[in-house]
Amino acid sequence: MRLALVNVAVMVGLVGVSHAQLRCSIAPADVFAPIIKPPDQVLKKPADYFLLSLSWSPQFCTTKPGKAPQNAFQCRENSFGFVVHGFWPEAADAKNDHDHPRNCHDTAPIVQDTLRKYLCLIPGVQLMQDEWAKHGTCSYDSPEEYFSTIESIIGRVVGASA
């Protein structure tokens, strides 16, 4: 996992992400009850390593989904650079994208306090719910533990690139 963090640190350092970007403006309407979606597949298997997936928010915000009302928090109310898309458990023997651990346990909606706490890190309530359900449930006991881990990794990456 250390090598992956170094690669992410270099990439994040190139665009000058700072601790300030991990803060944003959150209106009461930005935190709502997410929808629980049925899993596309269930695959319970151990993780050999984790992949921290980042996306470039300015590009996403030019797309049709980025312009949708449910993405106003990310694309109109705040200004982000790289954002966390997810933190995915991976299997070394995977033959394709659907051969990694996913949807390991049923979920309930993430509580609003947790959504609010990590929304500036992963700027979408539904994205947070979907990532927790699909990836977090395979290696973590709670959404709080999953998102706290991501926050800790990003904190080390940002600190390394400063």
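Everything below is about the structure shown above.
Being a predicted model, the structure only gives us computed values, none of them experimental.

Novice: Residues and numbers for the state of the cysteines, please.
Specialist: The term disulfide refers to a covalent linkage connecting the sulfur atoms of a pair of cysteines. Inspection of the entire model under this criterion finds three disulfides. Paired by a disulfide, C24 and C120 hold their sulfur atoms 1.9 Å apart. One disulfide, between C24 and C120, carries an S-S torsion of -85° and so falls in the left-handed class. Residue C24 is found in the loop between α1 (2–15) and β1 (49–56), and its partner C120 is found in the loop between α4 (112–118) and α5 (125–134); the two are separated by 96 residues along the sequence. Sulfur-sulfur distance for the disulfide between C61 and C75 comes to 2.1 Å. One disulfide, between C61 and C75, carries an S-S torsion of -80° and so falls in the left-handed class. Of the two residues, C61 sits in the loop between α2 (57–60) and α3 (72–75) while C75 sits in helix α3, which places them 14 residues apart along the sequence. With respect to burial, C61 and C75 carry one shared label: buried. The connectivity of the disulfide bonds within the chain can be written as 1-5, 2-3, 4-6, using the sequence rank of each bonded cysteine.

Novice: So what's going on with the environment of N78? Which residues, and what values?
Specialist: Relative to the elements of secondary structure, N78 occurs in the loop between α3 and β2 (82–90). For the pair N78 and P123, spaced 45 residues apart in sequence, the C-alpha separation works out to 9.3 Å. Ignoring sequence-local partners within four residues, the contact set of N78 consists of C24, S25 and F73. One polar contact links the side chain of N78 to the main-chain amide nitrogen of S25, over a distance of 2.9 Å. Within the local environment of N78, its side chain forms a polar contact with the backbone oxygen of F73, the two atoms lying 3.1 Å apart.

Novice: Kindly report on the packing of aromatic side chains, identifying the contributing residues and their values.
Specialist: Inspection of every chain in the model, using the stated rule, returns eight aromatic pairs. Aromatic side chains F50 and F87 sit 4.9 Å apart centroid to centroid with 10° between the ring planes, which places their arrangement in the stacked category. In this pair, F50 is assigned in strand β1 and F87 in strand β2, connecting sequence segments 37 residues apart. Judged by centre distance (6.3 Å) and plane angle (55°), the ring pair of F50 and Y140 falls under tilted. Taken as a pair, F50 in strand β1 and Y140 in the loop between α5 and α6 (143–161) lie far apart in primary sequence, 90 residues in all. Grouped by ring-pair contacts, the aromatic residues F50, F87, Y118, W132, Y140, Y146 and F147 constitute a single cluster.

Novice: Give me the lowdown on the environment of H100, citing residues and values where you can.
Specialist: With respect to the helices, strands and loops of the structure, H100 is situated in the loop between β2 and α4. Separated by 53 residues in sequence, H100 and A47 place their C-alpha atoms 7.8 Å apart. Ignoring sequence-local partners within four residues, the contact set of H100 consists of L43, K45, P89, E90, A91 and A94. One polar contact links H100 to E90, side chain to side chain, over a distance of 3.2 Å.

Novice: Mind laying out the nonpolar core, listing which residues take part and the relevant values?
Specialist: Among the nonpolar cores identified, the biggest contains 26 residues, and L52, V84, M128, F147, I150 and I154 are the most heavily contacted of them. Breaking this core down by element, the ones donating at least two residues are β1, β2, α4, α5 and α6. Element by element, the count of residues in this core is highest for α6, at seven residues.

Rules of the game
Residues numbered from 1 in each chain as written. Predicted model: local features only at pLDDT ≥ 70, side-chain atom pairs only at ≥ 80, totals over all residues. Heavy atoms only, no water. Disulfide = S-S within 2.5 Å. Helix = DSSP H or I, 4+ residues; strand = E, 2+ residues; numbered from the N terminus. Buried < 20%, exposed > 50% of the residue type's maximum accessible area, 1.4 Å probe, protein only. Contact = heavy atoms within 4.5 Å. Polar contact = N/O pair within 3.5 Å; in protein donor to acceptor, adjacent residues only side chain to side chain. Phe/Tyr/Trp six-rings, centres within 6.5 Å; stacked < 30°, edge-to-face > 60°. Core = buried A, V, L, I, M, F, W, Y, C linked by side-chain atoms within 4.5 Å.

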